[in-house]
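Here is what each chain is made of, one letter per residue.
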Amino acid sequence: MLLAFFITILFVNCSEPIAEADKPQLVWYDEFEYEGQPDPAKWSYDYGDGCPTLCGWGNNERQFYTKNLENAHVEDGKLIITAIKENHNGRNYTSARLVSKEKGDWLYGRIEVRAKMPSGIGTWPAIWMLPTDWAYGGWPASGEIDIIEHVGFEPLNVYGNIHVNKFNGMHGTDKPGCLKLKNSESEFNTYAISWTEDKIEWFVNDEIFHTYENKRKGIDEWPFDQRFHLIMNIAVGGNWGGKKGIDDSIWPQQLIIDYVRVYQNKT
C-alpha cells in the first residue's frame with residue numbers, strides 16, 4: 001500500500017500558482033449601491049417600440065420601452081426593471097431596456113450578472129449583448145450573445161445562445177444551450193459568460209451549461225472579435241415570449257438585478 005501511494009504521488013501533475021497579475025481583473029461594474037435612476041454614467045435606454053424600422057423590436061413584442069422610474073429604478077441595492085400593463089403610445093404594456101453602449105463595451109472577458117427572473121406567461125426577460133460598432137453589417141451579421149433568456153411559459157428553463165449569419169433564430173438554425181433551473185423566478189442566480197478568441201462558455205452559478213467554439217470558418221460563424229455592450233430588459237409577448245399568449249392577470253412583473261461585473265485579463 002505504501003509503495004502504491006508513493007507511485008501515485010510521483011505521477012500527479014502539480015499546477016503552478018496563478019500570479020496575481022495574471023488573474024482576470026474587475027474592469028467595470030455596477031453594485032447598485034445607490035437610489036433612484038440607474039447610473040447615467042453606466043446606463044442608457046432604448047426607447048419606444050422599435051417603429052418604424054423594427055416595430056415590436058423585430059420580434060413582435062407588445063411593450064413600449066420608457067425612461068420612467070416606474071419601469072427602471074434602483075432601491076435597496078438592486079436594479080428593478082418592471083413591466084407594467086398600461087396603455088402608452090399605442091401599446092398595452094410598458095417596460096425598460098437598459099444598455100451600456102459607449103459606457104461599457106468590451107472585447108472578451110467574463111460578464112457576470114446576478115439576477116432574479118419575473119414569472120408568468122408572456123414574460124420574456126433577457127440579459128444579452130450586441131455589437132457596439134456593427135463592423136460586419138446589421139443583425140445577425142455582426143453577432144448577438146444572449147447571456148441568459150427566460151420565457152414565462154417555460155418556468156424551469158433558462159437559455160444561452162448566439163446569433164450569427166450562419167446560425168440564428170430567424171432561420172431556426174441557432175444553437176441554444178438550455179439548463180433546468182427550478183428557482184430562477186424565486187431566487188437570485190449568477191449568470192455569466194466567459195468569452196475568449198477561441199470560444200464562449202455559459203455558466204449559471206459557476207456551472208457550465210453551454211459552449212460555442214470558434215472553428216475559424218470566418219465571420220459568418222464568428223463575428224465575435226469586436227467589442228460588444230450589455231443589454232438588460234423585460235419584453236412582453238413576442239415571437240418567443242408570446243408563443244403561449246400573454247396572461248393579463250400577472251402584471252406588474254420585475255427583473256431584479258443584484259449586480260453586474262465584468263472581468264478581463266490584464267494585458
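Described in the following lines is the structure provided in the data block. (Residues numbered from 1 in each chain as written. Predicted model: local features only at pLDDT ≥ 70, side-chain atom pairs only at ≥ 80, totals over all residues. Heavy atoms only, no water.)

### Looking at the overall build of the protein chain
Here comes step 1: Per the secondary structure count, the protein chain includes 1 helix and 18 strands.
Here comes step 2: For 267 residues, the compact-globule formula gives about 18 Å, and the C-alpha radius of gyration of the protein chain, at 20 Å, lands near that figure.
Here comes step 3: Every one of the 267 residues in the protein chain was classed for burial, and the buried ones make up 48%.
Here comes step 4: Here the analysis covers contacts within the protein chain between residues at least 6 apart in sequence; of these, 71% occur between residues at least 24 apart.
Here comes step 5: Computing the positive centroid from 26 side-chain charges and the negative centroid from 38, the protein chain places the two 4 Å apart. (Helix = DSSP H or I, 4+ residues; strand = E, 2+ residues; numbered from the N terminus. Rg over C-alpha atoms; globule rule 2.2 N^0.38 Å. Buried < 20%, exposed > 50% of the residue type's maximum accessible area, 1.4 Å probe, protein only. Contact = heavy atoms within 4.5 Å. Lys, Arg positive; Asp, Glu negative; His and termini not counted. Charge placed at Lys NZ, Arg CZ, Asp CG, Glu CD.)

### A few points about the layout of surface pockets
Here comes step 1: Here the largest pocket defines a volume of roughly 820 Å³.
Here comes step 2: Residue lining of the largest pocket: 26 residues in total, with Asn 59, Trp 124, Trp 139, Glu 144 and His 163 positioned closest to the centre.
Here comes step 3: For the lining of the largest pocket, the secondary-structure elements that each account for two or more residues are β10 (123–131), β11 (144–149), β12 (157–163) and β17 (228–236).
Here comes step 4: Each residue belonging to the lining of the largest pocket can be placed in one class, and the counts come to 13 nonpolar, 7 polar and 6 charged.
Here comes step 5: One number sums up the size of the second largest pocket: a volume of about 220 Å³.
Here comes step 6: Around the second largest pocket sit 12 residues that line it, and Tyr 108, Gly 109, Trp 195, Gln 264 and Asn 265 are the ones nearest its centre.
Here comes step 7: Counting only elements with at least two residues in the lining of the second largest pocket, the list comes to β9 (109–116), β14 (189–195) and β18 (253–264).
Here comes step 8: Taken together, the residues of the lining of the second largest pocket sort by class into 5 nonpolar, 6 polar and 1 charged. (1 Å grid on protein atoms, 1.4 Å probe; cavity = no way out; pocket = protein on both sides within 12 Å on 5 of 7 lines; lining within 4 Å. Points joined across faces, edges and corners; volume = space filled by probe spheres on them. Nonpolar A, V, L, I, M, F, W, Y, C, P; charged D, E, K, R; others polar.)

### Here's the deal with the side chain of Glu 201
Here comes step 1: One can find Glu 201 in strand β15 (residues 199–204).
Here comes step 2: Note on Glu 201: relative accessible area 16%, which makes it buried.
Here comes step 3: Side chain to side chain, Glu 201 and Lys 199 meet in a polar contact 3.3 Å long.
Here comes step 4: Leaving out residues up to four positions away in the same chain, Glu 201 has contacts with Ala 192, Ile 193, Ser 194, Ile 208, His 210 and Thr 211. (Polar contact = N/O pair within 3.5 Å; in protein donor to acceptor, adjacent residues only side chain to side chain.)

### Describing the state of the cysteines
Here comes step 1: Tallying each qualifying case throughout the model produces 1 disulfide.
Here comes step 2: Two residues, Cys 51 and Cys 55, share a disulfide whose sulfurs are 2.0 Å apart. As the torsion about the S-S bond is roughly 135°, the Cys 51-Cys 55 disulfide counts as right-handed.
Here comes step 3: Cys 55 sits in the partly exposed class, given a relative accessible area of 39%. (Disulfide = S-S within 2.5 Å.)

### Quick notes on the side chain of Asp 105
Here comes step 1: Within the fold, Asp 105 resides in strand β8 (residues 105–106).
Here comes step 2: In terms of polar contacts, Asp 105 uses its side chain to reach the backbone amide nitrogen of Glu 102, at 2.9 Å.
Here comes step 3: A distance of 2.6 Å separates a polar atom in the side chain of Asp 105 from a polar atom in the side chain of Thr 132.
Here comes step 4: Sequence-distant contacts of Asp 105, that is, excluding residues within four places in its chain, are made with Ser 100, Thr 132, Arg 227, Phe 228 and His 229.

### A short note on the nonpolar core
Here comes step 1: Grouped together as the largest cluster of nonpolar side chains are 49 residues, with contacts concentrated most on Ile 127, Met 129, Trp 195, Phe 224, Leu 230, Met 232 and Ile 257.
Here comes step 2: Broken down by element, the residue count for this core peaks at 5 residues, all from β17.
Here comes step 3: Among residues more than four places away in sequence, those in contact with Met 129 are Trp 106, Ile 111, Glu 144, Ile 145, Ile 147, Ile 193, Trp 195, Phe 228, His 229 and Leu 230.
Here comes step 4: The next biggest cluster of nonpolar side chains, apart from the first, holds 6 residues, and it includes Trp 57, Trp 124, Phe 153 and Ala 235. (Core = buried A, V, L, I, M, F, W, Y, C linked by side-chain atoms within 4.5 Å.)

### A short note on the environment of Asp 76
Here comes step 1: On the secondary structure map, Asp 76 appears in the loop between β4 (72–75) and β5 (78–88).
Here comes step 2: In this structure Asp 76 comes out as exposed when scored by relative accessible area, which is 62%.
Here comes step 3: Considering only alpha carbons, one finds Asp 76 and Phe 32, 44 residues apart in sequence, at a separation of 8.2 Å.

### Brief notes about the packing of aromatic side chains
Here comes step 1: In the structure shown here, the tally under the stated rule is 15 aromatic pairs.
Here comes step 2: Residues Phe 32 and Tyr 34 carry aromatic rings whose centres are separated by 6.3 Å and whose planes lie at 50° to one another, so their mutual orientation is tilted.
Here comes step 3: Ring centres of Phe 167 and Tyr 212 lie 6.3 Å apart, and the angle between their planes is 80°; on these two criteria the pair is classed as edge-to-face. In this pair, Phe 167 sits in the loop between β12 and β13 (177–180) while Tyr 212 sits in strand β16 (residues 207–213), placing the two residues 45 residues apart along the sequence.
Here comes step 4: What makes Phe 167 buried here is its relative accessible area of 12%.
Here comes step 5: The aromatic ring of Tyr 47 is capped on one face by Lys 67, whose charged end is 5.6 Å from the ring centroid.
Here comes step 6: We note Arg 110 situated over the ring of Phe 203; from NZ or CZ to the ring centre the distance is 5.5 Å. (Phe/Tyr/Trp six-rings, centres within 6.5 Å; stacked < 30°, edge-to-face > 60°. Lys NZ or Arg CZ within 6 Å of the ring centre and 35° of its normal.)

Without other data, these values stay purely geometric and don't point to any function.
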